[in-house]
2 protein chains.
Amino acid sequence: MHESVATPLDAIDYRILQELSGDGRLSDVALGERVHLSSTAAARRRKILEERGAIRGYTADFDFGQLGLHMMALVSIELASQAEQALNEFETAVVRCPSMSFCSFVSGDTDFMMIVHVRSFEDYDRIYRSELSTLPHVARIRSSFVMRRVASRPVPPALLQPPAPQPGGGGGSGGRSLHHGLARV
Amino acid sequence: MHESVATPLDAIDYRILQELSGDGRLSDVALGERVHLSSTAAARRRKILEERGAIRGYTADFDFGQLGLHMMALVSIELASQAEQALNEFETAVVRCPSMSFCSFVSGDTDFMMIVHVRSFEDYDRIYRSELSTLPHVARIRSSFVMRRVASRPVPPALLQPPAPQPGGGGGSGGRSLHHGLARV
DNA sequence: GATGAAAGCAGTGCCTC
DNA sequence: GAGGCACTGCTTTCATC
């Protein structure tokens, strides 16, 4: 697996990503029409994007309410220790939380941020006690609840574009200089 | 108002949702095999789930790093006023933020939580000043950055199941194993 | 990137349980 | 009402240029 980007994505690749972001089940024929390519050319590009990992997969987007998941909680978790072993043990445990949708190690005044979907307040109470507060090394949990989703999209279409050239000519700091320190997010 | 829950989803429907959550481009033939149905029956159920809105759509899942989006920020925004007009004006403006992936009105000690993808620190600085701090009624912005994604999945498979029977009733069908791996981390 | 043939798939109507 | 089967027309795939 080559971590470095072998060939940069061109404008058509980004168009394909935009279309597949909007409809992941788009047929190759429809995809080709939208990016002004033949279906085979579109399919080939799509496959290359999948193989190089730019497209990691496809998923269905659900109505959480219809699935009975009426509440979404944003949970910030502070550990009692930030030693590597504590972080590792916490992370190993948290990926096994059945209710956890998202968890990341963050900078700032907390250690981890999680997104948790639950059915009800009772459900959250149960999960809080059985899944969250039993995670190792947890010192403090703060929860806030999503009252209303204002906007939600996998990636803003505006970001699915080739990196713009930096103003000022030779600057070139856009996009490729930040591999140190931040893992791929 | 008896149209809110037309027909409850059965166990096969939830199996279909699980499979499409893992691979949104699954063909009807493959879907049928996985849920032990013919392709036509699987396709019919999938279509019904789409039409009733349980499946809102399908989307591709990207490697943000390969797209040049090396940073993800969690931004909490507190407004100077929580009057309805202020909330409305803020929300109208925030959905136009090109870099915004997610925004919700939340309970707790802030008003809105956003997820923002950017290319670099320079990019974030630019977006902070041009997109975030110019939003109407903003009193305070706090950002934290995702250092590492520990886990990320659209919906935990464990939640894509029929609601468990209420305790005390008589339900004995709760022997569910939680061995689902994380689809993508 | 395009073309054409072959394989595979989706969509429909009809039948069974 | 729901599942399965067979047929028909597309779509995808893989040669090849």
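Residues numbered from 1 in each chain as written. Chains lettered and ligands numbered in written order. Predicted model: local features only at pLDDT ≥ 70, side-chain atom pairs only at ≥ 80, totals over all residues. Heavy atoms only, no water.

Quick notes on the domain arrangement of chain A
Test applied: For the purposes of this description, domain bounds are those given by an automatic or database domain assignment.
Taken domain by domain, chain A holds domain 1 (7–59) and domain 2 (71–145). Between domain 1 of chain A and domain 2 of chain A, the C-alpha centre-to-centre distance is 36 Å.

Brief notes about the protein's contact with DNA strand C
The line we're drawing: Consider each residue's heavy atoms; a residue with any of them within 4 Å of a molecule or strand counts as near. Two N or O atoms count as a polar contact when they lie within 3.5 Å, although within protein this holds only if one can serve as hydrogen donor and the other as acceptor, and sequence-adjacent residues are included solely when both atoms are side-chain atoms. Helix and strand definitions here come from DSSP, where helices need a minimum of 4 consecutive H or I residues and strands a minimum of 2 consecutive E residues; each element is numbered from the N-terminal end. Under the scheme applied, nonpolar residues are Ala, Val, Leu, Ile, Met, Phe, Trp, Tyr, Cys and Pro; charged residues are Asp, Glu, Lys and Arg; polar residues are all the others, including Gly.
Within the structure, DNA strand C sits among Ile12, Leu37, Ser38, Thr40, Arg44 and Arg45 of chain A together with Ser27, Asp28, Val29, Thr40 and Arg46 of chain B. The sugar-phosphate backbone supplies 53% of the atoms of DNA strand C found within 4 Å of the protein. Within the contact set of DNA strand C, a phosphate oxygen lies 2.8 Å away from a backbone nitrogen or oxygen of Asp28 of chain B. The set of elements that each furnish at least two residues to the surface near DNA strand C consists of helix 3 (39–51) of chain A together with helix 2 (28–35) and helix 3 (39–51) of chain B. For the surface near DNA strand C, the element with the highest residue contribution is helix 3 of chain A, accounting for three residues. The residue inventory of the surface near DNA strand C, partitioned by class, reads three nonpolar, four polar and four charged.

Some points on the relation of the copies chain B and chain A
Operational definition: Least squares is used to superpose the copies, and the fit set is the C-alpha atoms of residues whose pLDDT is at least 70 in both copies. Whether two residues are in contact is decided by their heavy atoms, any of which lying within 4.5 Å being enough.
When chain B is fitted onto chain A, the two copies agree to an RMSD of 0.1 Å after a turn of 180 degrees and an axial shift of 0.0 Å. Overall, the copies show the geometry of a two-fold rotation axis. A high fraction, 92%, of the interface residues of chain B reappear at the interface in chain A, so the copies pair face to face through one surface.

Thoughts on the protein's contact with DNA strand D
With respect to spatial proximity, the complete set of residues near DNA strand D consists of Ser27, Asp28, Val29, Thr40, Arg46 and Lys47 of chain A together with Leu37, Ser38, Thr40, Ala41, Arg44 and Arg45 of chain B. Sugar plus phosphate: this is where 56% of the atoms of DNA strand D within 4 Å of the protein reside. Here Asp28 of chain A contributes a backbone N or O atom positioned 2.9 Å from a phosphate oxygen of DNA strand D. At 2.7 Å, a side-chain N or O of Arg45 of chain B approaches a phosphate oxygen of DNA strand D. Ranked by residue count, the leading element in the surface near DNA strand D is helix 3 of chain B, at four residues.

Regarding the sheet that holds strand 2 (residues 71–79) of chain B
Here is the rule we go by: Pairing between strands requires that DSSP locate at least two bridges from one strand to the other. Geometry is summarised by axes, namely lines fitted to C-alpha atoms with helices restricted to the contacting stretch, and by angles between N-to-C directions that run from 0 to 180 degrees.
Spatially, the eight strands close up into a barrel ordered 2(A)-4(A)-3(A)-5(B)-2(B)-4(B)-3(B)-5(A), and their pairing is antiparallel. In this sheet, neighbouring strand axes are inclined to one another by 35 degrees on average, regardless of whether the strands run parallel or antiparallel. Note that strand 2 (residues 71–79) of chain A and strand 5 (residues 138–152) of chain A share seven bridges and pair antiparallel. Bridging across to strand 5 of chain A, Leu79 of chain A finds its partner in Val138 of chain A.

Some thoughts on the interface of chain B and chain A
For clarity, the cut-off: Buried surface area refers to the total accessible area, computed with a probe of radius 1.4 Å, that the two partners give up upon joining, counted for both partners together. Any carboxyl oxygen of Asp or Glu that lies within 4 Å of a side-chain nitrogen of Lys or Arg is treated as forming a salt bridge with it.
With 77 residues of chain B at the contact, the number on the chain A side is 75 residues. Taken together, both faces of the contact between chain B and chain A bury some 7500 Å²; the carbon and sulfur share is 57%. In this assembly, chain B and chain A are joined by four salt bridges. With its nearest N and O atoms 3.8 Å apart, the salt bridge here joins Arg56 of chain A to Asp61 of chain B. Here chain B is connected to chain A by 38 residue pairs in polar contact (both at pLDDT 80 or more). Only helix 1 (11–22), strand 1 (55–62), strand 2, helix 4 (84–94), strand 3 (100–106), strand 4 (112–118), helix 5 (121–132) and strand 5 (138–152) of chain B provide two or more residues apiece to the side of chain B that touches chain A.

Some details on the side chain of Asp111 of chain A
All names here are of chain A. Quick reminder of the rule: The classification of residues rests on relative accessible area computed with a 1.4 Å probe and restricted to protein chains. Under 20% of the type maximum is buried, over 50% is exposed, and intermediate values are partly exposed. The charged-residue count follows a simple rule in which Lys and Arg add positive charge and Asp and Glu add negative charge, with His and chain termini not counted at all.
Mapped onto the elements of the fold, Asp111 is located in the loop between strand 3 (100–106) and strand 4 (112–118). No salt bridge is formed by the buried Asp111. Its closest oppositely charged neighbour is Arg142, at 8.2 Å. Engagement of the side chain of Asp111 in a polar contact is seen with the side chain of Gln82, the distance being 2.9 Å.

Description of the packing of aromatic side chains
Under the convention used in this document: We call Phe, Tyr and Trp rings a pair once their centres come within 6.5 Å, taking the six-membered ring for Trp, and we label the pair stacked below 30 degrees between planes, edge-to-face above 60, and tilted otherwise. Look at NZ for Lys and CZ for Arg. If either is within 6 Å of the ring centre and within 35 degrees of the ring normal, a charge sits over the ring.
Enumeration over the complete set of coordinates arrives at ten aromatic pairs over all chains. Summarising the aromatic geometry, the rings of Tyr124 of chain A and Tyr128 of chain A are spaced 6.0 Å apart at their centres and angled 55 degrees between planes, so their arrangement reads as tilted. A residue pair is termed a helical-turn pair when its members lie 3 or 4 positions apart in one helix, as Tyr124 of chain A and Tyr128 of chain A do in helix 5 (residues 121–132) at four residues. Exposure remark for Tyr128 of chain A: the relative accessible area of 28% places this residue in the partly exposed category. Sitting above the plane of the Tyr58 of chain B ring, Arg25 of chain A keeps its charged end 5.1 Å from the centroid.

Notes on helix 3 of chain A
Residue and element names in this part refer to chain A. Formally: One less than the residue count of a helix, multiplied by 1.5 Å, gives the span that helix is expected to have.
For helix 3, with 13 residues, the first-to-last C-alpha span of 18 Å sits near the 18 Å given by 1.5 Å per residue. On the buried face of helix 3, the contacting elements are helix 1 (11–22), helix 2 (28–34) and strand 1 (55–62). In the segment just after helix 3, Gly53 is the residue with positive phi, at about 90 degrees.

Observations concerning the environment of Glu84 of chain B
Residue and element names in this part refer to chain B. Mapped onto the fold, Glu84 is located in helix 4. Residue classification places Glu84 among the exposed residues on the basis of a relative accessible area of 61%. C-alpha of Glu84 to C-alpha of Ser152: the two residues are 68 residues apart in sequence and 33 Å apart in space.

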